[in-house]
Structure formats: structure tokens, C-alpha cells
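Descriptive analysis of the structure
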Amino acid sequence: MEEARTQLNALFAKQGRVNRFRTKAERDAYLKQEIASMDAYQRARSAALDSTRKDATQKKQNVAEMERRVDNIQGSLEDGRTRVKDIGEQLTALKEQQTELTERRKELWREDTKLDGLLAHASDELRAAERNLAGMMDKDTGSGLRAVDRIAERHNLEGVYGPLYRLFEIPDSTFSTSIELTAGNSLFHVVVDTDATAQKVLDIMLREKNGRVTFMPLNRLKPKQPTIPPNQDALPLLEKLSYDSAHAKAFQQVFGKTWVCRDLTVAAAYVKSHGVNTITLDGDKVDRKGALTGGYHDVRRSRIEAIKNVATWRSKFEAEDKRAKEVKAAITTLEQEITKVTGKIQVLSVQQAQAKEAREVLLSDSVSLSRERERLSEGIVALENEADELETELSGIVQRLQGYRTELASPLTRALTDDEANLIDTLGQQVDERRKRVLELSKSRTELDSRKNLLEIELNESLRRKEKELQVTLESLGDSENGEVSSADNLDARLRELKSLDASIATSTKRAQGTTIQLGEGPESTIRG
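The present account deals with the structure reproduced in this document. Sequence positions are assigned chain by chain, starting from 1 and proceeding in written order. Only residues with pLDDT of at least 70 are given local features in this predicted model, and only at 80 or more are side-chain atom pairs given and counted; all residues enter the totals for whole chains, interfaces and linings. Note that the side-chain values use all heavy atoms of the structure and ignore hydrogens as well as water.

**Here's the deal with the overall build of the chain**
Counted only if it meets this: Only DSSP runs of H or I with at least four residues qualify as helices, and only runs of E with at least two residues qualify as strands; both kinds are numbered from the N terminus onward. The cut-offs for exposure are 20% and 50% of the maximum accessible area for each residue type, with area from a 1.4 Å probe on protein chains only; residues under the lower value are buried, those over the upper are exposed, and the others partly exposed. Note on areas: these come from Shrake-Rupley sampling with a 1.4 Å probe, and a residue is covered only by the protein chains present in the view.
The helix and strand tally for the chain stands at 11 helices and 10 strands. Looking at the 529 residues of the chain, the share that counts as buried comes to 34%. A total accessible area of about 32800 Å² is found for the chain, and carbon and sulfur atoms account for 51% of it.

Okay, structure coming up:
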């Protein structure tokens, strides 16, 4: 339409110049002036077109660069998302480990508390048993035995084996009375390896003035080999003891010359026939020198039972003390592990926060670049429209210059030619038709512009916000927030924790039942029975 309008205006202008100029020279002077002006204007508009095209090209390059940067940022965002997820999974594993270690520590705390109670109970019972045993010996002997234990421990004397009663066991309790009455006060004699060791201990006891004891140096003992009874109605009492062969001389010295018989008659007969000491199961003794000792023996005041009681509670105390130390050491180790795991969790939490912050920065940069890219794209469209308008304008200028030059080469006439008159009619009709078409298109464009504006408003104010919300939702589903993964993973972790607690409860219940049984069947029941 612009070409037709330009041609039509040129024809109208030529028609006007027919009546305006009287001579060809006047007309030609005017046309030359117009051509010079149009040439200058054409050059200016051409320069403007080149500048517009350069600006459009530069903006297209900028858009391409921004798209490249956006792609790079998207890659970095994906890497960041993967890193946040990996850190979250590590945090989940570490927190599960921390929970497991904490539960184990709680279980050990409970066991430690129970052991403290058991240990205190065993300690009280041991002291009571030791007091009971000490009441069965004179004060100096009891003080001396305690002094020997302290001296041996303080000076690390390996040759001090302890009192005789600690060095044997009685497999068959039937013979307990016979053994106790045969040994007498020898039960409290201290067995040592040599007389030199005994002298060292005695010297220290004299300096410290701590009690009196009798020592049995193994290097000084010369017991005779015990004889074997000829019949089954008498047994060597030594065979009814269980002891370390290293201490054999001490036991041969005390028990080697005594046989145990079924009754006093048999015992007296063997004394006469074999010259040995005999004793019955009830504790009646016949000495080879002729003495007969017997009567009622109160088993509640039995030294052997008191010794057993002390040994039992000492063993229980030592076992509980050993276990308590093991539990405390395990608690210390667990606390160190928990501290180490907690430190790792703190480090990973900081790294996760940094990774998330870096992703937020990248997201902000990506949004800014996207908006700048849209702005540049809109600028490119405006520049291209401007270039199209300049091209159209330059095309009209070329046609006007061509018409001026054609008219300049033609003679001055007083009217348009028939062809030119017909062309005016034709061009007038074309311009009217195209104007109507332009009006229709303008109306459609206005409607489209309105719809475009509405869509842009909806896009910017609603859809982009929803897009961001969906992106945040996807991030929360895909990423590990504060060390927590998906709901399924969280459920699995809770189920594992519940299973661990169930196991802990079952273990604690079992141990509580075991403790109740132990307390019901402990040595104190024997004492109080």
C-alpha cells in the first residue's frame, strides 16, 4: 500500500507542478533541489537502517550469550541439587547412626545404673561375710590377714599366695565338717613360696604394727607321703580337696595324716592299726596320740561356710565390678563416637546450608537473566519493526527519486498523460481497498494486543508465581531438607527406630528378670536360711 500511495502522491505532485511552473527551467531547478534533498534524506535513513540492523544483531548476540549463561546456570543448579540431595542422604544416615548410638548409650546407662546397685549390694554382702568370718578368728589374726593382703598388693609380692582357706575348694560338701575341724586354725595360716618372702612381710608388719599371722613357707615344709587306707571304710581326707598342685605341700602338711571314716569305731581301729589321725563325717576326731574329740558342731558357725560365703560374694563383687568397668568404658567409647558423628552432622549441615544458599543465588541469577533475555527479545522485535519501516520508507524515497528524475528528463506539459490519469484512478482504488484492509487488520491487531496484554498479566502475576511454587514443591520433594529425605525414607527411619526401641525394651526386661532370679537365689539366702 505504501508503494501505491507513494506513486499516487508523486502523480498528484506532478499534476500540481504542471500548473505551478511556467517554464521547464523553473521546474527543473525545483526538481533538482528536491532530488538533492531526497538524496541527503535517503543517506540519513540508510544510515539509520544500518544502525538499527547493527543494534538488532548485537542484541541477538546478547540474547545468545544470555541463553548460554542460563544453560550453564541450569547445569550448575542441577549439580547443586544433586549435591544437596547427596548431603541430605549422608545426614540421614549419620542421624540414624546417631540415634542408634544414643539408644545403645541409654541401654548402657540403664545397665550401669543397675550394676551400681548390684555392686553396692555385693560390696555390702562381702563386707558382712568378711565380718562374719573375722568373728570366727581372734582379732590379731584378722588384722594380720588384712595387713598381709595390703602389703602383698602394695609391694607387688608374687610369692604371697594368701591364707589356706582361699586356696582350696570342697567338691563334696559332705566332707565340709571333717575338713574344717581337721584344719582348725590352720585355715588362717598364710602360704608363701619361701621363708624369705615371709620374713619380708613380717618385717613390714612389725614396722607397721599390724596383727599376727602364721606363715607356711613351701620351701620349708617337709610333709611325709600320705598312706593309703587298706579298705573302703576309710578315705584319705586330702583326696576330698581341690587345690593347685603348686600348693600341695601345704595341704599335705595339714590334711595328709588324716583319714575320714564312716564312724567312731572304725576311726579308733585305724588309729591303733596304722597310727594315723582319723575323723568322722560328723567331726568326731581320734588322734593317734590317744586324744578323742567330738560333740555337737553348730553348722551355722561353720568356718567353711563362712569362707564359701566370702568367696562367693568376692567372686560376685569382682564380676560385677569388672562388668561395671567394661560398661563405663563402652559408654565412654560411645560418647566419643556420638561426638564424632555429631561433629560430622554439624559440618554437613553447614555444607548443605551453603549449597542451598549457592543454589538460591543461582536461581536469582537465572531469573534475572531470563527477564533480561525477554527484555532484549522485545527490543529485537522493536528494532526489526523499525528496520522494516525504514526499508519501506527508503523504498518510497527511491520511487520518488526515480519519478523526479524521470520527470526531469521529460518536457514541461500542461496536463498529465492519459496513462498517468488512468494510473491515478487505478492507484486510488488500490489505496482505498488496501486502507480498508489495513483498518480491518488494525482492528484484529488491537484485539490480539488486548488478549496478549491479558495473557502477559496472567503469566507474570499468576502463572510465574505458580511456577515458582511448583518449583519449590519439586525441590522439597527431590531434595533432602535438613537431612530428611522423602516421606517413605522418613517412615523407614521411624520404623527402624521403633524396632530398636522394642529390642531395647526386650533386653531390659530379660535382664531385669535375670536380676530378680539372681537376687532370689543369691548367697544371702544361704546366710539367712
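**A few points about the environment of L238**
Structurally, L238 is set in the loop between β5 (234-236) and β6 (242-243). In this structure, the C-alpha to C-alpha distance between L238 and T258, residues 20 residues apart in sequence, is 7.7 Å.

**Overview of a positive patch on the surface**
Where we set the bar: The patches reported here contain residues having more than 30% relative accessible area and no salt bridge. Joining distances are 9 Å for like charges and 5 Å for nonpolar side chains (Val, Leu, Ile, Met, Phe, Trp, Tyr). Here, a salt bridge means any Lys or Arg side-chain nitrogen found within 4 Å of an Asp or Glu carboxyl oxygen. Residues counted as positive are Lys and Arg, residues counted as negative are Asp and Glu, and His and the chain ends are not counted. Working definition for charges: the position is that of NZ of Lys, CZ of Arg, CG of Asp or CD of Glu.
Together, K224, K257, R288 and K289 give the surface a local cluster of positive charge. Mapped onto the fold, K289 is located in the loop between β9 (285-286) and β10 (292-293). Residue classification places K289 among the exposed residues on the basis of a relative accessible area of 75%.

**Considerations on the pattern of salt bridges**
Applying the stated rule across the entire model yields 22 salt bridges. Of the charged contacts, one joins D39 and R405 as a salt bridge, the two residues approaching to 3.5 Å between their closest N and O atoms. Residue D39 is found in helix α2 (residues 24-134), and its partner R405 is found in helix α8 (residues 303-408); the two are separated by 366 residues along the sequence. R314 is paired through a salt bridge with E130; the nearest N and O atoms lie 2.9 Å apart. Of this pair, R314 sits in helix α8 while E130 is found in helix α2, placing the two residues 184 residues apart along the sequence. Since its relative accessible area comes to 32%, E130 is described here as partly exposed.

**Notes on the sheet that holds β10**
Stated formally: For two strands to be treated as a pair, DSSP must find at least two bridges joining them.
Taken in spatial order, the five strands of this open sheet run β5-β7-β8-β9-β10, and their pairing is mixed. Because the sheet does not close on itself, it has two edges, and the strands there are β5 and β10. Bridging between strand β8 (residues 277-280) and β9 involves two bridges; their strand directions are antiparallel. Paired with T278 across the two strands is V286, which belongs to β9.

**Focus: the pairing of β8**
Formally: Assignment of crossover handedness uses the view with strands pointing away from the viewer, where a clockwise path from the first strand over the helix to the second indicates a right-handed crossover.
Taking every second residue as pointing to the same face, both faces of β8 are buried, with N277 and I279 on one and T278 and T280 on the other. Bridge count between strand β7 (residues 258-261) and β8: four bridges; the pairing is parallel. Residue pairing across strands places V260 opposite I279, the latter belonging to β8. For the crossover from β7 across helix α7 (residues 264-274) to β8, the handedness is right-handed.

**Comments concerning unusual backbone geometry**
In this structure, N156 is a non-glycine residue whose phi angle is positive, near 55°. With respect to the element layout, N156 can be found in the loop between α3 (139-154) and β1 (160-163). You can call N156 exposed: its relative accessible area is 59%. Non-glycine residue K209 carries a positive phi angle of around 55°. Mapped onto the elements of the fold, K209 is located in the loop between α5 (195-208) and β4 (215-217).

**A look at α7**
For clarity, the threshold we go by: Here the arc refers to the set of directions running from the helix axis out to each C-beta atom. Here a residue-residue contact requires only that any non-hydrogen atoms of the pair lie within 4.5 Å. Distance and chemistry together define a polar contact, namely a pair of N or O atoms within 3.5 Å, with one atom able to donate a hydrogen and the other to accept it when in protein, and with adjacent residues in sequence counting only for side-chain atoms on both sides.
Taken as a whole, α7 has its buried residues at V266, A267, Y270 and V271. The arc enclosing the buried residues of α7, seen along the axis, measures out at 140°, which places them on a common side. Turned more than 90 degrees away from the buried face of α7 sit T265 and K272, all of them exposed. The elements touched by buried residues of α7 are β5, β7, β8 and β9. Regarding α7, its N-cap is D263, as a side-chain oxygen of that residue lies 3.3 Å from the backbone nitrogen of T265 further along. Backbone geometry just after α7 places G275 at a positive phi near 65°.

**A short note on the packing of aromatic side chains**
Note the threshold: In this analysis, rings of Phe, Tyr and Trp, with Trp reduced to its six-membered ring, are considered paired at centre separations within 6.5 Å, and the interplanar angle assigns stacked below 30 degrees, edge-to-face beyond 60, and tilted for intermediate values.
On inspection of all chains with the given rule, the structure shows six aromatic pairs. Centre to centre, the rings of F168 and F255 are 6.4 Å apart; their planes meet at 65°, and the pair counts as edge-to-face. With a gap of 87 residues between them, F168 in strand β2 (residues 168-169) and F255 in helix α6 (residues 248-255) connect regions that are remote in the sequence. Here F168 falls in the buried class, since its relative accessible area comes to 10%. Consider the rings of W259 and Y270, whose centres lie 5.4 Å apart with planes at 75°: the pair is edge-to-face. With W259 in strand β7 and Y270 in helix α7, this pair connects stretches of sequence that are 11 residues apart. Residue W259 shares its accessibility class with Y270, and that shared class is buried. Following the ring pairs from residue to residue traces out a cluster consisting of F168, Y243, F251 and F255.

**Observations concerning α3**
Put simply, the rule is: By this rule, a helix spans an expected 1.5 Å times one less than how many residues it contains.
Between the first and last C-alpha of α3 there are 22 Å, a value that for 16 residues agrees with the 22 Å anticipated at 1.5 Å per step. Buried within α3 are the following residues: T141, G142, G144, L145, A147, V148, I151 and A152. With a side-chain oxygen positioned 3.2 Å from the backbone nitrogen of D140, the residue opening α3 is D138. Downstream of α3 by one or two residues, N156 has phi in the positive range, about 55°.

**Here's the deal with the environment of E386**
Here E386 shows up in helix α8. Relative accessible area serves as the criterion here: at 37%, E386 is assigned to the partly exposed category.

**Points about the sheet that holds strand β3 (residues 190-192)**
Keep this limit in mind: Interaxial angles span 0 to 180 degrees and are taken between N-to-C directions of axes, which are lines fitted to C-alpha atoms, for helices over the stretch in contact.
With respect to topology, three strands assemble into an open sheet ordered β1-β3-β4, the strand pairing being mixed. Edge positions in the sheet fall to β1 and β4, since each has one partner strand and no second. Here the strands of the sheet are splayed against their neighbours by 20° on average, with no regard to which way each runs. Along the sheet, α5 contacts β1, β3 and β4; its crossing angle with β4, the most-contacted strand, is approximately 150°.

**Side note on the packing of α3 against α5**
Stated precisely, the cut-off is as follows: An angle counts as roughly parallel when it lies under 35 degrees, as roughly antiparallel when it exceeds 145, as roughly perpendicular when it falls between 65 and 115, and as oblique in every other case. Note on convention: near helix rotated counterclockwise from far helix by under a right angle means a left-handed crossing. Clockwise means right-handed. Throughout, the ten residues Ala, Val, Leu, Ile, Met, Phe, Trp, Tyr, Cys and Pro are labelled nonpolar, Asp, Glu, Lys and Arg are labelled charged, and all others, Gly among them, are labelled polar.
Running from N to C, α3 and α5 point in directions that differ by 115°, and their axes come no closer than 10 Å. Regarding the angle of α3 to α5, the classification is roughly perpendicular. At the point where α3 passes α5, the crossing takes the right-handed sense. On the side of α3, the interface is formed by G144, V148, I151 and R154, while α5 contributes V201, I204, M205 and E208. Classifying every residue of the contact of α3 with α5 by side-chain character gives five nonpolar, one polar and two charged.

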